[in-house]
Amino acid sequence: MADWQIDLIKVVFIWTWALLIAVVMTWVERRASAMMQDRVGPNRAGPFGLLQPLADGIKLFTKEDIIPKRARKILFILGPPLFAIPAFSTYAVVPFGDKIVIGGKEIILQVSDVNIGFLYILALSAIAVYGMVIGGWASNSKYSILGGLRATAQLISYEIPMGLALLTIVLLYGTFSLREIVLQQQGTFLGVLPNWGFFKQPLGFIIFLVAAYAEANRVPFDLPECESELVTGYHTEYGSMRLGLYLFGEYVNLGTLAAVTVSLFFGGWGLPYIDMSKFLGPISYGIASFLVFFVKQAFFLFLFVWVRWTVPRFRYDQLMGLGWKALIPLGLINLFITALLVQLTV
Amino acid sequence: MDYYFIIFAIMAVGAGIFTITAKDALPSALGLLTVFVALAALYLHLHAPLIAIFQISIYAGAILVLVVFVIMLLITPDEKLGTPQKNISYRTLGAILGAYLIVLLVIGIKGIEQLMVHRGLPDDFGHPSQIGTLFFKKYILHFEMASVLLLVALIAAIYLAKKKV
Amino acid sequence: MSGFETIVMYLGMSLLVILAMLGASALLGPSRPSPQKATTFECGVPLLDPSHKRYSVKYYLVAVLFLIFDLETVLLYPLAVQYKALATLGWGIFFEIFIFVFVLLVGLLYAIKKGAIDW
Amino acid sequence: MKFQAIQGEGWLLTKAEQLINWGRSRSPWPFPYGTACCGIELMCALASSYDMARFGAERVAFTPRQCDVLIEAGTITKKMVPVLKRIYDQMAEPKWVIAVGACACTGGVFRTYSTHQGIGSIIPVDVYVPGCPPRPEGILYALLKLIDKIEADHPLYKQRPKIVEALEAGNEP
Amino acid sequence: MNLKERVKDILGDDLLVMAEFRGDLCIEVPSKRLTQVLARLKEEGGFDFLSDIIGIDNIDLYVKKAKKGKKEADEKEDVVDIGPPPPRFEVIYLLLSLSTNERLQVKVSVPEDNLELPSITSIWRAANWPEREVYDMFGIRFKGHPNLRRLLMWDEFQDHPLRKDYPLEGKGEERHLDYDVA
Amino acid sequence: MVRRPVVKKEYSLGERVYLVEIAKGLGLTWKHFVFNVKASFRKGPHTVPTCWQYPEDRREIAPIFRGAHMLQLNDKGQELCVGCGMCARACPAKCITVKRGKPAKGEEDKYAGKTMCVSFEIDILRCIFCGLCEKSCPKNALVLGQDYELADYEPEHCIYDKDRLIANFHRARSEGLLKPPPVPIPVEAPPAKKKIAQKGDEKKGSSGKASVKGGKKSASNRKGEA
Amino acid sequence: MTKKFETICITTGPTEYSDYVTLNIGPIHPAMHGTLRVITKTDGETIISAKPEIGYLHRGVEKLGENLTYTQFLPITDRLNYCSAICNNVAYEMAVEKLLGIEAPPKAQLIRMIMMELARIADHQVCVGILGVDLGALTPFFYLILQREEIYEIFEWHHGARLTNSMGAIGGVEADLPDRFHEKWPKLRDSIRKANDETDKLLTHNRIWMDRTIGVNAFCGDDALDWGFTGPMLRACGVRRDLRKDEPYLMYDKVDFDVPVGKHGDVFDRYMVRMLEMEESIKIIDQAYELYKDFPEDAPLMKKVPKIIKPPEGQIYHAIESPNGELGFFIKSDGSDKPYRIKIRPPCFMVYQAFEDLVKGEMISDLIACLSSINVIAGELDR
Amino acid sequence: MAGINHYTILACILFGLGVIGFLTRRNTLILFMSVELMLNSINLLLVAFSATRADMGGQVMVLFIFAVAAAEVAVGLAILICLFKHVRSVDVNRFNLLKW
Ligand code: SF4
Ligand code: SF4
Ligand code: SF4
């Protein structure tokens, strides 16, 4: 097989995987929230309601598509794809597993291992902002505009702490490539602890996680679409599949963020004390590493859901205050400390 | 010629034309966004992945967001900019001048290739770490000056924007 | 240029599939436009005043702050990636970063004090 | 099948219709237009003990663009009539309406100067639910009836009943 | 000193009628001096809390009385004097003293030809909406009210529905659909 | 301008750092989650103990629940309603129309009373299920049953005529959901003084109040003895 | 802005012009409970003015009351504050009884008390739950509503309806406490407490919640009195006023309970007052139940009243402490079987008119929090 | 492989577009964007030269240009906001305060 064919297969596979995670997440979110609230949740479509997302999808596909008269038509149409394309594309640099050897060919389980790694993710999430702000602005409804503005301000505010947290990681590992970072996290340090970013950078992890919640617009940071104030925020005027793209895009974002968290702070596909490659065959090792990664990712996805149904949401100024007055200074301090420690240990 | 360059060059030029001809500021900003993305793709081609990424995350992600915010802040729909320009000649003059400039530049630049020294590119050319090293070794003063520049800009912007009129 | 083609391939795939989704939705959905349907949703009452009005300048301030600090982090990335290597040369790199960040920290404090992020 | 008899079309379209109906009927996102006491019972129906979400009616959104079923629960006063009409108009096709409670159906006990006597004269109603307020089970029963109705629909051929046009012609300002 | 005497003390001449029914004390005061009376009751009488403002349309009472009078007159074959019609509307202010937990109903009469009362929003801000409601329902205007608009009915509505001559089921008013198909 | 009291926020350390309390909350939701997930593997429709999965799993309805109306028959299968129209008069929503009539020749034993209702219609869409008709019916003919599944596509189907009301009764009987006969309410004997004050008493309303107070005291006295 | 400035250099227009965005919230808005509407002017996120507009649920109850008999009006009172219909029923019944000059038998009074306190718990549960929902915490709502379902079940077994109870009749109550109550109450008491505890755990000490509620819409006690606040809203401002204590009706003077008061009148205090009141209500029910047990099975539940009630001419005002505050019925009778005029004094009417003062200068999010903490019930607001 | 010539021509065209936009448009915001366009063309040149000459200095320069551009935009737009508060327009022709 030619390289580009393998690449194509990988691309298709991972794209589908991203979509699948998003789809299943909608189900998980509904069922899990129901379980936390002493309810049952959707259970009529398919076994355990597993086909619920499919039903929703069909419904959304066959729904009428309204473009409000006062909306700016082109911008209105551009909004959802501008949001969804970056969201889907971020998966491209996430390492889903180590490598798999098929027919003597070594295939890394990642679309592409580029040397700028997660900067790519940062850049794309910076573009995703436009999807919301343009969608909100184009709708020409006050709720949407306010939602869009809030979304943008929130997203860009929390990009800084996230960037700072990542900066410390870069400082520690000296690379941008997610794959290399994961590789460096194998093994243990200080004898007992796994060599995970989490243990080396607990503060950085917390900052990153909080910023991730904000980036994903999840409770407690779901102000852009907070129901009780702005109806549904920036996508108030959107229906049919355009809405579907916004909703899916959000879940895809969740998947990416969880994956990045795992790769940066939790050792990616590796198990803490066990070296799987020693006793597994080349193919089964690839699959096993993929599974390990998925389990870790699933945990963080669940955490997203879990937190959402537990806490109230912030007010806008508090959200900004938390970002600018708490997280950024914390991030800077963390940066200093890490720099100092690295300086002292080399 | 390779298609990669052609595609993105056309994209950049087309979006650039859209940017300067769009009726409204917001579509114009979207055009600029496309230019940025196209240029970023070209940077990738030019062994400057870091610059490409930063192009997107700074130009597209920050500067343009600022512009978009200001567009939302300032433009009210009842204020159409479509009021006819008083002297059309001014506008045409501008266009002609610009076009002339393009022609001049293109002609002037034509022979530039002879002036270039083609060196083989080292393997890790464009790797982020190289820029880091340069920042430390050669441009340390510039680097610190940049921070001061940013500080000044920050203070000025806040001062201006918060000023009560 | 390692691997960028694949990423572009991936991007192209996202673009295609999403456009296909939108197209399918446009084809499948019924369409019965009416002037009433196309009115803007305003909690069920007629619009009170145009939506595109001036919104608060504070959003702008946040964007300015973001711009400055984004640049800061971005400029730090190349240094950070090389930090371990450069740290072997002495404390210079640490102080370079320190001064750089410190100057901007002053900016942050100024912004906080001026109430740029208080709503 | 009846449908084939009408249209003389083949298996594929029938299946497609079934699929669409399946999707629509399994995911009727409600617009909880709860204005009064019935709204409270609607809330109960949405909450833990009865959990309307089991039928897929989960994503409760208050924007007409994203909803399928307008659950009108509560009194519609004359002051509210234009609002209701506008909300209904703004909903995207396909859309259904459930009128919950005596007030929504006929005005109930409030035969007064300020109460509109039944929303049936403003918007087409698919299912009427008597009761004041109906038990949550009653609302769920209505939803089930609506699901039956959706499943018997012919989305690819039969367009919205003529009643819409008739009503709109009658109510045009 | 019990409530009655105290009220008498405070009001003096302004007290027109005082009646008690089932422990509820109701006094009538002249409408011209309403603000002063209420202010005095608030300052001196300790009635520092305004519970509600109630409008009443008395016309049916009079009609009933007249009917009864006519019936009696028919029976007795004599003329029965039922007196002149009372002022058509009356407005009752429900006051409450928080310290002694006493309630007082202050009544003023509003004749139909002069539907106007002084607003007491300067004494109690709580009077704002109740006054608007009375205006909405009975058409009694309150002079000096900051924003005397309809409260419950929509703005274009013409009648005053709680008047006794307004039918329960209305006169068929509908609020028209005000579309902005702009 | 509005006056606002100054509120000083005093947070303990645990509250200041968001995470502690959030972790506690997470623990709580986790407990519910685990409990319900375990429960949902139980057999039968009533899995999660707090959720009644309606069509399969119905909640017990109180026998006195005010649901759809029915016209009762007595044990001999005779119609109880005499068409007196008391229910129609008592109904606040004015949704009952009764027409009284005499039973046709030879059909007298179908009816318990001397008269019967020729037609009996309840506009169930207007009814507010207040139960006043039931209370006012002298023959206990009209009762409100336990049926709550009343939704319909057409408003015309929601006008219940006599046949439907009797059919309701038959169905309820077959399902064993008949309304229990009303329990007599213990009524306090009227006080010596005539309760409805005569016209003359009006002005001396306060005395009425006093007597009430006395009654209250006696009640408490009795409690003291008990 | 439509004017063209050709030669003028600088026009310093008023900065207010178009700087404020008019944001219409409601009537159909998730936080507006279906029928409320607030027209706000905002500067960014700050509220410059907020004009509530009501009447979207004005059903003409008072006019209807003039056209129905005293008995027929009872079911209509259910539809006023539909979150705690029983309180309305009892208030109305007691008002008519006062007009008649009678009082319900003691056992009936106890039953009324128990039911009213249950209704109070149910009302507060809804209010707190909705407050949580509006501030983004959905889960407590579900826990609270579950307990409310149990309370509804008791209602249903007592008088045959869940929400619009039409409990009792003029002169007493029509049924003894149902068996369900005797069985359920001890368990229910615990589970209500448990749900409250859980809510407490999820919300009260959570910093996000505290930030969202403490100091938000703080209100002075004397302002509150001036505006005519009653109930939890007033008590949260630090004024200890509760009609159950100050003007005891039924048998509230025989039970022992506290009146929780707040300090600043902010959303947090309102929330806490409601939470604590639920606990007090549980206490009251326990005590009332003890008192109730002293009565024999066949103790009278009703005063003898004629079928057609014709009170003497006169006018009375009677108020009770409903979950939202002072709920009063003013009835003027002309001696016929229909009231000549019924005026209802809804508690939230008075509170809601101060809405602009409550939220001015705060943020949009606070407006939502404020609205849910007032617990405006459109049914009694608009009548 | 596209040579340096192509890149320089592309950069020139973009620069010229920026100039044309700057000269012909009246919306200040679009003027700003035209300036950005010009700056970007310079960036492109720098990167292209850096690649041809195998000298990383060009790329570092671009980073500094980013910083300058950011500062320019931040301050420029702030000034624009100030102006807008006075004139209530973004039309350059109305900013004629300095005209004589
Ligand atoms: S039908 Fe009954 S319960 Fe429903 S809104 Fe009307 S009055 Fe309230
Ligand atoms: S149902 Fe009862 S009240 Fe009604 S007409 Fe028959 S007998 Fe009379
Ligand atoms: S239940 Fe009430 S509303 Fe219904 S028919 Fe009987 S009296 Fe009328």
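The next point concerns the packing of aromatic side chains. Counted according to the given criterion, the structure contains 47 aromatic pairs over all chains. Plain terms: the ring middles of tryptophan 17 of chain A and phenylalanine 294 of chain A are 5.3 Å apart, the flat faces sit at 65° to each other, and that makes the pair edge-to-face. Here phenylalanine 294 of chain A lies in helix H12 (residues 282-308) and tryptophan 17 of chain A lies in helix H1 (residues 3-36), a separation of 277 residues in the sequence. Given the relative accessible area of 30%, phenylalanine 294 of chain A is considered partly exposed. Pairing phenylalanine 336 of chain A with phenylalanine 98 of chain C gives two aromatic rings, centres 4.8 Å apart and planes at 40°, and the pair type is tilted. Of this pair, phenylalanine 336 of chain A sits in helix H13 (residues 316-345) while phenylalanine 98 of chain C sits in helix H4 (residues 92-113), which puts the two residues in different chains. By relative accessible area, phenylalanine 336 of chain A is classed as buried at 16%. You can call phenylalanine 98 of chain C partly exposed: its relative accessible area is 29%. Three or more aromatic residues joined by ring pairs make a cluster, and in this case those are Phe205, Phe208, Phe265, Phe266, Phe299 and Phe300 of chain A. The side chain of lysine 95 of chain D reaches across the aromatic face of tyrosine 88 of chain D, ending 4.3 Å from its centre. Above the plane of the ring of phenylalanine 65 of chain F lies arginine 135 of chain D, whose end atom (NZ or CZ) is 4.9 Å from the centre.

With that out of the way, let us pick up the interface of chain A and chain C. With 85 residues of chain A in contact, the opposing surface of chain C contributes 64 residues. Summed over both partners, the interface of chain A with chain C buries about 6800 Å², with 76% contributed by carbon and sulfur atoms. On inspection of chain A and its partner chain C, the count reaches zero salt bridges. Inspection of the region where chain A meets chain C yields four residue pairs in polar contact (both at pLDDT 80 or more). Secondary structure elements with two or more residues in the side of chain A that touches chain C: H1, helix H3 (73-89), helix H4 (117-139), helix H5 (142-173), helix H10 (240-265) and H13 of chain A. Considering every element that reaches the side of chain A that touches chain C, the biggest residue donor is H5 of chain A, with 18 residues. Taken together, the residues of the side of chain A that touches chain C sort by class into 56 nonpolar, 14 polar and 15 charged.

Glancing now at unusual backbone geometry. The linkage connecting cysteine 132 of chain D with the following residue, proline 133 of chain D, adopts the cis geometry, with an omega of -10°. Within the secondary structure layout, proline 133 of chain D lies in the loop between strand E4 (127-129) and helix H6 (136-151). One non-glycine residue, asparagine 140 of chain F, adopts positive backbone phi at about 55°. The topology assignment puts asparagine 140 of chain F in the loop between helix H4 (132-136) and strand E4 (142-144). For asparagine 140 of chain F, a relative accessible area of 27% puts it in the partly exposed group.

What follows concerns the pairing of strand E3 (residues 96-100) of chain D. Residues and elements named next belong to chain D. For E3, the buried fraction is high: five of the five residues fall into the buried class. By the alternation rule, side chains of E3 split into Trp96, Ile98 and Val100 and Val97 and Ala99, which are all buried. Across five bridges, the pairing between strand E2 (residues 69-73) and E3 is parallel. Looking across to E3, one finds that alanine 73 is bridged to valine 100. Relative to E4, E3 runs parallel, the two being bridged by three bridges. Counterpart to valine 100 in the pairing with E4 is valine 129. Handedness of the crossover joining E3 and E4 through helix H5 (residues 101-106): right-handed.

A separate point is H13 of chain A. For H13 of chain A, built from 30 residues, the straight-helix expectation of 44 Å at 1.5 Å per residue is met to within 8% by its first-to-last C-alpha distance of 42 Å. The sharpest bend along H13 of chain A reaches about 30° and sits at leucine 327 of chain A, with the proline proline 329 of chain A one to four residues further on.

In the region of ligand 1, 14 residues are neighbours, and Cys37, Cys38, Ala102, Cys103 and Cys132 of chain D sit closest. More than one chain reaches ligand 1: its neighbouring residues belong to chains D and G. Sorting the residues of the shell around ligand 1 by element identifies helix H3 (37-46) and H5 of chain D as the ones contributing at least two each. Looking at the shell around ligand 1, the element that brings in the most residues is H5 of chain D, giving three residues. The residue makeup of the shell around ligand 1, split by class, is eight nonpolar, four polar and two charged.

Inside soluble globular proteins, nonpolar side chains tend to come together where they are buried. Counting residues in each nonpolar core, the largest one holds 549 residues, and the members touching the most others are Tyr60 of chain C together with Tyr93 of chain E. If you tally residues by element for this core, the top one is helix H3 (residues 49-74) of chain B, at 22 residues. Residues Ala57, Val129 and Ala142 of chain D together with Tyr148 of chain F belong to the second largest nonpolar core, which totals 30 residues.

Okay, empty space enclosed by the protein next. The rolling of a water-molecule-sized probe over the atoms marks out the regions of remaining empty space. Residue and element names in this part refer to chain A. Using the criterion set out here, one finds 17 cavities of 30 Å³ or more in the structure. Lining of the second largest cavity is provided by 16 residues; of these, Ile121, Ser125, Met162, Glu215 and Leu257 occupy positions nearest its centre. Secondary-structure elements contributing two or more residues to the lining of the second largest cavity are H4, H5, helix H8 (202-215) and H10. Considering every element that reaches the lining of the second largest cavity, the biggest residue donor is H4, with six residues.

With that settled, the discussion passes to the layout of surface pockets. Size it by volume and the second largest pocket reaches roughly 1400 Å³. Taken together, 45 residues form the lining of the second largest pocket, with Leu61 of chain E together with Glu313, Lys332, Ser333 and Asp334 of chain G sitting closest to its centre. In terms of residue count, helix H3 (residues 59-76) of chain E provides more of the lining of the second largest pocket than any other element does, seven residues in total. A breakdown of the residues in the lining of the second largest pocket according to their chemical character gives 17 nonpolar, nine polar and 19 charged.

Glancing now at the sheet that holds strand E6 (residues 325-333) of chain G. Residues and elements named next belong to chain G. An order of E5-E6-E7 is seen for the three strands of this open sheet, with the pairing classed as antiparallel. The two strands at the open ends of the sheet, each matched to only one other strand, are strand E5 (314-322) and strand E7 (339-345). The average angle at which neighbouring strand axes cross in this sheet is 15°, direction not considered. Across nine bridges, the pairing between E5 and E6 is antiparallel. Within E6, the residue paired with isoleucine 316 across the bridge is isoleucine 331. Along the sheet face, helix H3 (residues 85-100) touches E5, E6 and E7 and points at about 150° away from the line of E5.

Criteria and cut-off values
- Starting from 1, residues in each chain are numbered consecutively following that chain's sequence as written.
- Chains and ligands are labelled by the order in which they are written, letters from A for the one and numbers from 1 for the other.
- In keeping with the predicted nature of the model, local features appear solely for residues at pLDDT of at least 70, side-chain atom pairs appear and are counted solely at 80 or more, and the whole-chain, interface and lining totals rest on all residues.
- As a rule here, side-chain values come from all non-hydrogen atoms in the structure, and water together with hydrogens is ignored.
- Ring pairs are drawn from Phe, Tyr and Trp, using the six-membered ring of Trp, whenever the two centres fall within 6.5 Å, and their geometry is named by plane angle: stacked under 30 degrees, edge-to-face over 60, tilted for the rest.
- Segments assigned H or I by DSSP are reported as helices when at least four residues long, segments assigned E as strands when at least two residues long, and all are numbered from the N terminus.
- Exposure categories follow from relative accessible area, calculated using a 1.4 Å probe and restricted to protein chains: below 20% of the type maximum is buried, above 50% is exposed, and the middle band is partly exposed.
- Placement of a positive charge over a ring is assigned whenever Lys NZ or Arg CZ falls within 6 Å of the ring centre and within 35 degrees of the normal to the ring plane.
- In what follows, residue pairs with any heavy atoms lying within 4.5 Å of each other are defined as contacts.
- Buried area counts how much accessible surface, traced with a 1.4 Å probe, disappears from two parts once they are put together, with both parts' losses summed.
- Salt-bridge detection follows one rule: a side-chain nitrogen of Lys or Arg within 4 Å of a carboxyl oxygen of Asp or Glu.
- Nitrogen and oxygen atoms within 3.5 Å of one another constitute a polar contact, given that in protein one can donate a hydrogen and the other can accept it, and given that sequence-neighbouring residues count only through two side-chain atoms.
- Basically, the charged four are Asp, Glu, Lys and Arg, the nonpolar ten are Ala, Val, Leu, Ile, Met, Phe, Trp, Tyr, Cys and Pro, and anything else, Gly included, counts as polar.
- DSSP bridges decide pairing: two strands pair if at least two such bridges lie between them.
- Note on handedness: a crossover is taken as right-handed if, strands pointing away from the viewer, the path from the first strand over the helix to the second is clockwise.
- Residue count minus one, scaled by 1.5 Å, sets the expected span of a helix.
- Here the bend at a residue means the angle between the axes of two seven-residue stretches, the one that ends at it and the one that starts at it.
- A molecule or strand has a residue near it when one of that residue's heavy atoms lies within 4 Å.
- In these notes, a set of buried Ala, Val, Leu, Ile, Met, Phe, Trp, Tyr and Cys residues joined through side-chain atoms within 4.5 Å is what counts as a nonpolar core.
- Only protein atoms enter the 1 Å grid used here, on which a cavity is any set of points holding a 1.4 Å probe that cannot leave and a pocket is any open set flanked by protein within 12 Å on both sides along at least five of seven lines; residues with an atom within 4 Å of a point are listed as lining.
- Grid points are joined across faces, edges and corners, and a volume is the space filled by probe spheres set on the points.
- Interaxial angles span 0 to 180 degrees and are taken between N-to-C directions of axes, which are lines fitted to C-alpha atoms, for helices over the stretch in contact.

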